[in-house]
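# Examination of the molecular architecture
What follows is the residue order along each chain.
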Amino acid sequence: MDKQILQAIRQKQEQGVTLLLEHYGGLLNAIVRKYIAGRPQEIEECMADIVVAIWYHIDDFDATKNDFKNWIAVIAKFKAIDRLRKIERQQTTVELPEQLATTQDMELDWHTLLRQLPQKEQEIFQKYYFEGLAAKEIAQHYQTKTSWVHNKLSRSRQKLRTLFLRDEV
């Protein structure tokens, strides 16, 4: 069956996608649901992304290195993880302002909130968000990589969000 699917997709025949989904649709769906549970729209879009990735990258498949089932499973896993990250980014950018909007009576005291963070994280957060320095500049100041700065900012935002939602400030 794998040879038929491979041949049809390589020849860009739509029947290949039909065969792929008939034979491996359950596996791909189970992988996606493992990462993106309870979001039918996102699952459907992720499945479409997987099929498109398989369609356009079918020539990257090498039967000597892997079997077809494992190859498409890996594609499904990484597409699901990518989709999950996208969902989390959207929630991160939307979640806190929504929470702030529901607390109209409360003024947010950033200094009190920031004091809950370790000193270095406070400094990085202030430089980036209040002073407007670029992550690259902050990284140079601390003689480290830009990814380290982004990591610290991400962790700080998560800590602040947790503190804010617990009303510890």
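These remarks concern the structure in this document. (Residues numbered from 1 in each chain as written. Predicted model: local features only at pLDDT ≥ 70, side-chain atom pairs only at ≥ 80, totals over all residues. Heavy atoms only, no water.)

### A short note on the overall build of the chain
Quick reminder of the rule: Think of it this way: any DSSP run of H or I at least four residues long counts as a helix, any run of E at least two long counts as a strand, and we number them from the N terminus. Accessible area is worked out with a 1.4 Å probe on protein chains only. A residue is then buried under 20% of its type maximum, exposed over 50%, and partly exposed in between. By the convention used here, residues are in contact when the closest approach between their heavy atoms is within 4.5 Å.
Across its full length, the chain holds eight helices and zero strands. Written out in order from the N terminus, the α and β elements of the chain read α-α-α-α-α-α-α-α. Looking at the chain residue by residue over its 169 residues, the buried ones come to 31%. For the chain, the proportion of contacts with a sequence separation of at least 24, taken over those separated by at least 6, is 58%.

### Focus: the pattern of salt bridges
Rules: Counted as salt bridges are all cases of a side-chain nitrogen of Lys or Arg within 4 Å of a carboxyl oxygen of Asp or Glu.
Scanning the model with the defined rule gives six salt bridges in all. With a closest N to O distance of 2.5 Å, aspartate 49 and arginine 83 form a salt bridge. You can see aspartate 49 sitting in helix α3 (residues 40–56) and its partner arginine 83 sitting in helix α4 (residues 68–102), a full 34 residues away along the chain. Here aspartate 82 and arginine 85 are joined by a salt bridge, their closest N and O atoms 3.9 Å apart. Residue aspartate 82 and its partner arginine 85 are both found in helix α4; the two are separated by three residues, about one turn of the helix. Under the relative-accessibility criterion, arginine 85 is labelled partly exposed at 49%. Connected via shared salt-bridge partners are Glu42, Glu45, Asp49 and Arg83.

### A few points about the environment of glutamate 14
Considering the arrangement of structural elements, one finds glutamate 14 in helix α2 (residues 14–35). A residue is classified by how much of its surface remains accessible, and glutamate 14, at 66% relative accessible area, is exposed. When the C-alpha atoms of glutamate 14 and tryptophan 55 are compared, they prove to be 9.6 Å apart, with 41 residues separating the residues in sequence.

### Some thoughts on helix α8 (residues 146–165)
Using the following cut-off: Expected helix span is computed as 1.5 Å times (number of residues minus one). Arc definition: it is the arc formed by the directions from the helix axis to the C-beta atoms.
Taking 1.5 Å per residue, 20 residues should reach 28 Å; α8 reaches 29 Å between its end C-alpha atoms and fits that length. For α8, the complete set of buried residues consists of Val149, Leu153, Ser156, Leu160, Arg161, Leu163 and Phe164. In a view along the axis of α8, the buried residues occupy a sector of 160°, so they form one face of it.

### Considering the packing of aromatic side chains
Heads up, the rule is: Any Phe, Tyr or Trp ring, taking Trp's six-membered ring, that has another such ring centre within 6.5 Å forms a pair; planes under 30 degrees apart are called stacked, those over 60 apart edge-to-face, and the others tilted. The rule for a charge over a ring is simple: NZ of Lys or CZ of Arg within 6 Å of the ring centre, and within 35 degrees of the ring normal.
Summed over all chains, the structure comprises five aromatic pairs. A network of ring pairs unites the aromatic residues Tyr24, Phe61, Phe68 and Trp71 as a single cluster. The positively charged end of lysine 77 is found above the aromatic ring belonging to phenylalanine 78, 5.8 Å away from the centroid.

### Here we look at unusual backbone geometry
At lysine 12, a position not held by glycine, the phi torsion is positive, near 55°. Secondary-structure assignment places lysine 12 in the loop between α1 (2–10) and α2. In this structure, glutamine 143 is a non-glycine residue whose phi angle is positive, near 55°. On the secondary structure map, glutamine 143 appears in the loop between α7 (135–141) and α8. Judged by relative accessible area, glutamine 143 falls into the exposed class, the value being 75%.

### Things to note about α1
Listing the buried residues of α1 in full gives Ile5, Leu6, Ala8 and Ile9. Positive phi shows up at lysine 12, right after α1, with a value of about 55°.

### Quick notes on the side chain of serine 156
By the secondary structure assignment, serine 156 is in helix α8. Beyond its immediate sequence surroundings of up to four residues, serine 156 is in contact with Leu117, Glu121 and Phe125.

### Structural notes on the nonpolar core
Inclusion rule: Side-chain atoms within 4.5 Å link the members of a nonpolar core, which is a set of buried Ala, Val, Leu, Ile, Met, Phe, Trp, Tyr and Cys residues.
Ranked by size, the top nonpolar core spans 27 residues in total, and within it Leu20, Val32, Ile50, Ile54, Phe68, Trp71 and Ile72 carry the most contacts. For this core, the secondary-structure elements that each account for two or more residues are α1, α2, α3 and α4. Of the residues forming this core, the biggest block, eight residues, is contributed by α4. Leu113, Tyr142, Leu153 and Leu160 belong to the second largest nonpolar core, which has 13 residues in total.

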